[in-house]
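Here are the chains, one letter per residue:
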Amino acid sequence: MRAQRSEPGDGAEPRLKKEAFARLFEAVHEGVYIGVVGPDGSATLAANPHLKLIFGYAAAVPDTEIRPFDPDRFVDPQARLSFLERLAAGGAVTDYLMRLRRAGQTPFWVEVTAQAAPPGPDGAVRIEALVRDVSERKRLEDQTRDLYQQLLQAEKMAALGQTISGVAHELNNPLATILTWAERLAARSADDVARRGLDNILHESQRAARIVRNLLTFARKRQSTRSMVDLNQVVRETLALRAYEQRVANIAVIEALAAGLPQVFADGHQIQQVLLNLVINAEQAMLSASGRGTLVVRTWHDAASEAVVLEIGDDGPGIPEDLQPKIFDPFFTTKEVGKGTGLGLTVAYAIVEEHGGRISLRSDPGVGTSFLVELPVSGVRTPASAGPRSQPAAAPAVKGAAVLVVEDEPALAAAVADALSDAGYVVDRAGDGAQALAKVAERAYDVVICDLKMPRVDGMAFFRALVDRAPAITSRVIFVTGDVIGTDAERFLEESGCRWLAKPFRLGELLRAVTEVAEE
């Protein structure tokens, strides 16, 4: 008996299509939603198993309980209103990115492609939607964007470092001259008026020297005075510096410093500069917004990342989201013209990076801003040593020792030579490496103080010539430099094994180095 073939009109083909669509609905690896979504809620007509899986529901949960577009599913309520407005206006959305919540309230990212019927009188729309979980893709995109921002920041730092290096070299010579003369004059007797003037000159020149040293952090990793530092102690000392200004400006300070915090190996002065910058920025933000505010300073130990974390939080106006990626950029500032240089946070960023740490921010416009500084811990617990380094005491001079000062800046060369003569040394001067080589050929010197960057024959060329002509004196060279940028200079200083001082140096540091070399 022949089997009968179904004819188009007997209902078999529509039934087969329905069965195929039903199988596809159950098996497709995309969330499928059919329902009605209104201003205040939603009603589900159908939800496939994958949609339940995406939102963290068991397969046996009735479809009607799966309501992915209810108000409480949205992390941002405004995002729901925008989604419904788009559907009502255009009748469809494609790959619409939203942040929703799973059944356990965990936020995650989805992309929605949907079609909607025209809205009813109550504003509700009937929609058919495909929902895709893109949390992993979004995480990778964020990581890629963060990496790109880090690379971009590194390029900006490198460019700024090249500029600052040249500027610093020009500033360091006159600054070193001022500092040397100020120290020499401060050591002499003077009346009260002259004494106050000399103290101010010395104090301000030291301040300028610290600023230049901090700016040179951009150029390359530079030598700094590091020791085991109690971060809590640095925080207390920094807040003490601002206590009076905060009190008169109606800034309340809340300290939440963790007890038993591990110490960090750091330059206490540089870390204090970072904290001061963050604190002052927070104060200015709060005062500009409301004339008062609350500053929260917290520390804790993040054992997972082996870091000590410092948080500086304010209740100011916050930083707009579009400006946050630029906040550490050189010369970028949100302050009025003349009120900021745009270098403060860039300096802080460079100092923290130099210490192997990380600085980041969290900010909600209208709520406030928090900066987080993470510094690695070494696991060593020794007595803390924080704050700026003090002026080293000059060692007794080796009387009569011969010193050659090789410096192309006449004013600085004269200041250094006079200071060494006052200390009891016999001093000769040379304006560049060529003159210095001629003097070395004429007599023996116990110490040679040589600038690294000079016209004609620079410090590196001079030293290499000494290796051939007078190798015995190469171990008695002390280099001074205000231009530390570049791998050539860095490699040269490491390979030579010579002592070196960064301009502007303290007179006590120079005299100590000269004495140590002369005694060898």
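Attention in this report is confined to the structure presented alongside it.

Each value, and the rule that gives it
- Residues numbered from 1 in each chain as written.
- Predicted model: local features only at pLDDT ≥ 70, side-chain atom pairs only at ≥ 80, totals over all residues.
- Heavy atoms only, no water.
- Pairing = 2+ DSSP bridges.
- Helix = DSSP H or I, 4+ residues; strand = E, 2+ residues; numbered from the N terminus.
- Axes fitted to C-alpha atoms, helices over the stretch in contact; angles between N-to-C directions.
- Contact = heavy atoms within 4.5 Å.
- Phe/Tyr/Trp six-rings, centres within 6.5 Å; stacked < 30°, edge-to-face > 60°.
- Buried < 20%, exposed > 50% of the residue type's maximum accessible area, 1.4 Å probe, protein only.
- Lys NZ or Arg CZ within 6 Å of the ring centre and 35° of its normal.

**Quick word on the sheet that holds strand S10 (residues 307-314)**
- Spatially, five strands are ordered S7-S9-S10-S12-S11 in an open sheet, and the strand pairing comes out mixed. Edge positions in the sheet fall to strand S7 (251-257) and strand S11 (358-364), since each has one partner strand and no second. Averaged over neighbouring strand pairs, the angle between their axes works out to 15° when direction is ignored.
- In this sheet, strand S12 (residues 368-376) lies alongside S11 in antiparallel orientation, the contact comprising seven bridges. Bridge assignment links Asp 364 to a residue of S12, and that residue is Gly 368.
- Here helix H6 (residues 231-248) sits on the sheet in contact with S7, strand S9 (293-302), S10 and S12, set at roughly 170° to S7.

**Considerations on the packing of aromatic side chains**
- One pass over the structure, following the stated rule, counts seven aromatic pairs.
- Arranged with centres 5.6 Å apart and planes meeting at 85°, the rings of Phe 463 and Phe 492 form a pair that is edge-to-face. Pair noted here: Phe 463 is in helix H11 (residues 459-469) and Phe 492 is in helix H12 (residues 487-496), with a separation of 29 residues, a long-range link. Here Phe 463 and Phe 492 have matching classes, each one buried.
- One aromatic cluster in this structure is built from Tyr 33, Phe 69, Phe 83 and Tyr 96.
- Seen from the ring of Trp 181, Arg 184 lies directly overhead, with NZ or CZ sitting 4.5 Å from the centre.

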